[in-house]
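Descriptive structure summary
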Amino acid sequence: MNTLADISDDVATIAPKGAAIPSSGAAAIYGVDRWSDGLICVTPSGDLALKNPSHLTAPPVSLPVILEALERRGIPAPLLLRVQPFLDRSLTRLHEAFAAAIRDIRYKGCYRGVFPIKVNQQPEIVERVVEVGREAHFGLEVGSKPELLIALAQSMSPEALLICNGAKDAGFMRLAMLSQKLGFNTVIVLESLQEFETVHRIAEDLELRPRLGVRIKLTETVTGKWQASSGDRSVFGISALDLLKLTARLEETEMMDCLVLQHTHVGSQVPDIMDVRRAATEACRFYTELSRMGAPLRYLDLGGGLGLDYTGARQADENSINYTVKEYCANLVESVFYAMEEAGLPHPTIVTESGRFIAAQSAIFVFNVLDATLYDTPERPMVTSDDHHLLSDLLAVESYVESDRLQEALNDAIYYRDEIRTLFRHGQIGLHLMARAEQAFLFLLSRFKHVGAQDGFSGLIDQQLSGFVDHYHGNFSLFQSLPDVWAIDQVHPVMPLSRLDEVPTRRAILTDLTCDSDGKIERFVLADGMASALPVHALREGEDYHIGVFFVGAYQETLGDLHNLFGDPNVVTISLDPEGGFDIEHETEGDRISEVMSYVEYDPQTCLTTFRKTVERAVKEGHVDADERRMIMAAYKDGLAGSTYFSADR
Ligand SMILES: Cc1ncc(COP(=O)(O)O)c(C=O)c1O
C-alpha cells in the first residue's frame, strides 16, 4: 500500500500515462448521456458541465469553473450545489406530461400535483416549488405537524391542494381544519378509524365541515426497494374491512359529504410501469365502490412512486425504471379514464405526490479527494540469493502475467504472498523480507491491472481485481450527505468533474472521513452497467480533484446524520443564465463545529471555559508557557468557529 505522496504519476496503470481521449470518450465511460437526461455534458476541454434546460443552445456551464468561483468567494467543497433550473424543469415536465395525457386521452378531469415536503423540506426547494407551480396550482403534502406549519406559511394558489397525511393528533387536525377558513384547500387524509373519531370531535367543536380523504391500503404489491412494505403489509392506510366501518361511521355522523378524496401510495421509486398501472386500476376500484356508497369523491390521489433512472439502464430494477414520465402520466390517466367510463362516474381530479422526480435531479453533491491509498506500485523489489525462495517464487509470477494466464498468475501470487505472511506471523521471517514481499505483490498487482485493463476488466478477473482497487479518500461524510447509499444501497451517478479529456488511468472506491468502515461508495454507474470501482485519474500534487454525486436532491438532506459530528456541508443554489453563466441565488454556510457540538447538547462556551482552566493549570504547573497558552487557546477557538470538514491549510 502506498499513499499518493510515495507514488509517481507513471505508476503502471490501467492505461498509458496521460493519454488523451476525446471528451466524448469520457462521457461514454461514465454513461453521462444515459443517465443525465440531457442536463449534463462534457466540454471539449474535459470539464463536466451543466446545460441550461431553457436555453439548450447556450454554452454549458463548467462545474469546475463554478467550483473555482465559489472557492474564491470562500465557499469550498464539500458542498451541495442546487441547480434551480433543474428543479423548475422537473416540475414543468410533470405538468406538461399530465396535460398532454389528459388532452390525448380526452380525459375530462384535471391534474393537481402536490410536493411532499418530507422529500426536501429546505425553504429553497419548498418555496421554489410553490412559486414555479403557482400557475399550475401545484400544492403541498405534509406528513407531520412541523411540515403543516411550513405549508401554512407558503402562499399557494387557493386552488392548490394541501394534503395532510401521516399520524395526526388533535392539534394537527384542529389547525388543518382551521386553515380551511383562511382559504387553504386543505384535505385531511384519514389513516385510521381512530383518526376519524378525532376529526369528528374537533369538527363538532369548531362547527366546521372538514374536507376529508381516506388512505386505502391496496392489495397490489410493487417491485423495487419498497416491495416489502407494499400491498397489505403496508404500515399505512385502511384495509377493505376497516373502510366499511369508516363509511358506516361517516353515515352515522352525517359526515359522508365531507369525504372528497381517496389516497393511495404504493411506495417510492416504482421500477415497473406495469405495477403503476395495476395499482392505479385497483385504486379506481375502491374509488368507484366508495362513490357508489354515496361518498362525493372528486380527487383521486395516487401518491408518489414516479421513479428516476439513476443508472440509465431503462429497465425495471431497483435503481432504474422501464418508463418515461410521459408514459407514467399516460398510464395513470388512461387507467383512470377507462375505470370511470366503465363505472359511469365523472372523471376525478387526478392528484400525485411526486417528490423524488421533482427534487432529485436538482442537486449535486461535490467533494474533493484528499489523498489516495494506491494498491499497486511500479517499483520491483530487489531479490538476492540469500532471500527466502518464496520471495523469488512470488516475483517469478511476473513472467506469465499475460492475458490467457492472468487467473493462474493471480492465484499463484496470492498463494505465495499468503505463505510469506504466515511465515512472518510465526516469527520465521523478519519485517524486511515481509515488507519486500508486500512490495512484490503490489508490483505484480500493477502488472495484473495493466493486462486486465487491456482485456477490458471482464469476468472473473475483474471480480478478483476489484479487491485491489485504490481507495480515494474524499472530504465528505457518507452518513451526512448520502445516507441512502449507506442505508438502502441507493446508487447515484458518481464521476470526476474534470480531466475528462484524459484517460482515467486508475480505478478506486471512494472512502469518507468518518471512522466507520461503512463510510464508502463502492457501486458505480458506468456506461456498460454497474461497476465495483470508479475509473479515476491519478491525483496530481497540489491540484484539486473533485468528484460529483448526482441526483441527491430528494430525501438525502434531512435523512443525513451527524456521525462523527460531521455537519451539513455548504449549500449553494445557482441559476443558469442564457449566455452560459451562472448566478448565486442562495448560500447557506455549512455547520460550524460549535453548532454540531450544541446539536448533541454541549455548550461550546462551557467547553471553552473548562478547556481554558485546563490550559491555565498547565501554565501553573510549568508544562506550558504564556506564548504556548495563547497558541493553544487560539487553536481551540478557531476549532469552534471552523468547519467540521477538512479545510485547506491557508
Ligand atoms: C404518502 C407519500 N406520498 C408521496 C411520497 C413521495 O414519493 P416519491 O418520492 O416516490 O414521489 C411518499 C414517499 O414515499 C409518501 O410516503
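None of the values given here were measured: they were computed from a predicted structure.

**Things to note about the overall build of the protein**
When helices and strands are tallied, the protein shows 22 helices and 24 strands. For the protein, the spread of C-alpha atoms along the three principal axes comes to 100 × 70 × 55 Å. The buried share of the protein, taken over its 650 residues, is 56%. Taking all contacts inside the protein whose residues are at least 6 apart in sequence as the whole, residues at least 24 apart take part in 76%. The averaged location of the 94 negative side-chain charges in the protein is 4 Å from the averaged location of its 59 positive side-chain charges.

**So, helix H4 (residues 84-105)**
Its 22 residues give H4 an end-to-end C-alpha distance of 32 Å, which sits within 8% of 32 Å, the value for a rise of 1.5 Å per residue. The positive-phi residue at the C-terminal boundary of H4 is Arg106, with phi of around 60°.

**As for unusual backbone geometry**
With an omega of 5°, the peptide bond running from Ala77 to Pro78 counts as cis. Mapped onto the fold, Pro78 is located in the loop between helix H3 (63-72) and strand E5 (79-83). A positive phi angle, near 50°, is found at Gln269, a position not held by glycine. Note that Gln269 resides in the loop between strand E11 (259-263) and helix H10 (273-292). For Gln269, a relative accessible area of 1% corresponds to the buried category. For Asn564, which is not glycine, the phi dihedral falls at a positive 60°. Its location among the elements puts Asn564 in the loop between helix H19 (556-559) and strand E23 (570-576).

**A word on the environment of Pro158**
Structurally, the position occupied by Pro158 is in the loop between helix H6 (145-152) and strand E8 (161-164). When sequence neighbours within four positions are dropped, the list of residues in contact with Pro158 reads Gly183 and Asn185.

**Points about the sheet that holds strand E3 (residues 48-50)**
The three strands lie next to each other as E2-E3-E4, forming an open sheet whose pairing is antiparallel. Lying at the two open borders of the sheet, with one neighbouring strand each, are strand E2 (40-42) and strand E4 (61-62). Across three bridges, the pairing between E2 and E3 is antiparallel. Note on E3: the bridge partner recorded for Cys41 is Ala49.

**Topic: the packing of aromatic side chains**
Per the stated rule, a full pass over the model turns up 15 aromatic pairs. Between Trp35 and Phe550, the aromatic rings sit 5.2 Å apart at their centres with planes inclined by 40°, giving tilted as the arrangement. Highlighted residues: Trp35 in helix H2 (residues 32-35) and Phe550 in the loop between strand E22 (546-549) and H19, separated in sequence by 515 residues. A relative accessible area of 2% means that Trp35 is categorised as buried. Seen from their ring centres, Tyr472 and Tyr545 are 6.3 Å apart, and the 70° between their planes marks the pair as edge-to-face. Of this pair, Tyr472 sits in strand E15 (residues 470-474) while Tyr545 sits in the loop between strand E21 (534-536) and E22, placing them 73 residues apart in sequence. In terms of burial, Tyr472 and Tyr545 fall into one category: buried.

**Some remarks on the domain arrangement of the protein**
Each assigned domain of the protein is listed here: domain 1 (108-354) and domain 2 (605-641). Each of domain 1 and domain 2 has a C-alpha centre, and these two points are 57 Å apart.

How each quantity is defined
Numbers given to residues run from 1 along each chain, matching the order in which its sequence is written. Predicted model: local features are reported for residues with pLDDT of at least 70 only, side-chain atom pairs are reported and counted for 80 or more only, and whole-chain, interface and lining totals are derived from all residues. Processing note: side-chain calculations cover all non-hydrogen atoms of the structure and skip hydrogens and water entirely. Going along the chain from the N terminus, every DSSP run of H or I of four or more residues is numbered as a helix, and every run of E of two or more is numbered as a strand. Using a 1.4 Å probe on the protein chains alone, a residue whose accessible area is under 20% of its type maximum counts as buried, one over 50% counts as exposed, and one in between counts as partly exposed. By definition in these notes, contact holds between two residues if any of their heavy atoms fall within 4.5 Å. In summary, the charge assignment counts Lys and Arg as positive and Asp and Glu as negative, without counting His or the chain termini. In plain terms, the charge of a residue is placed at NZ if it is Lys, CZ if Arg, CG if Asp and CD if Glu. By definition here, a helix of n residues has an expected span of 1.5 Å times n minus one. Paired strands, in this sense, are two strands between which DSSP finds at least two bridges. Planes of paired rings set the category: under 30 degrees apart is stacked, over 60 is edge-to-face and the rest tilted, where pairs are Phe, Tyr or Trp rings (Trp by its six-membered ring) whose centres lie within 6.5 Å. Note that the domain bounds were set by an automatic or database domain assignment.

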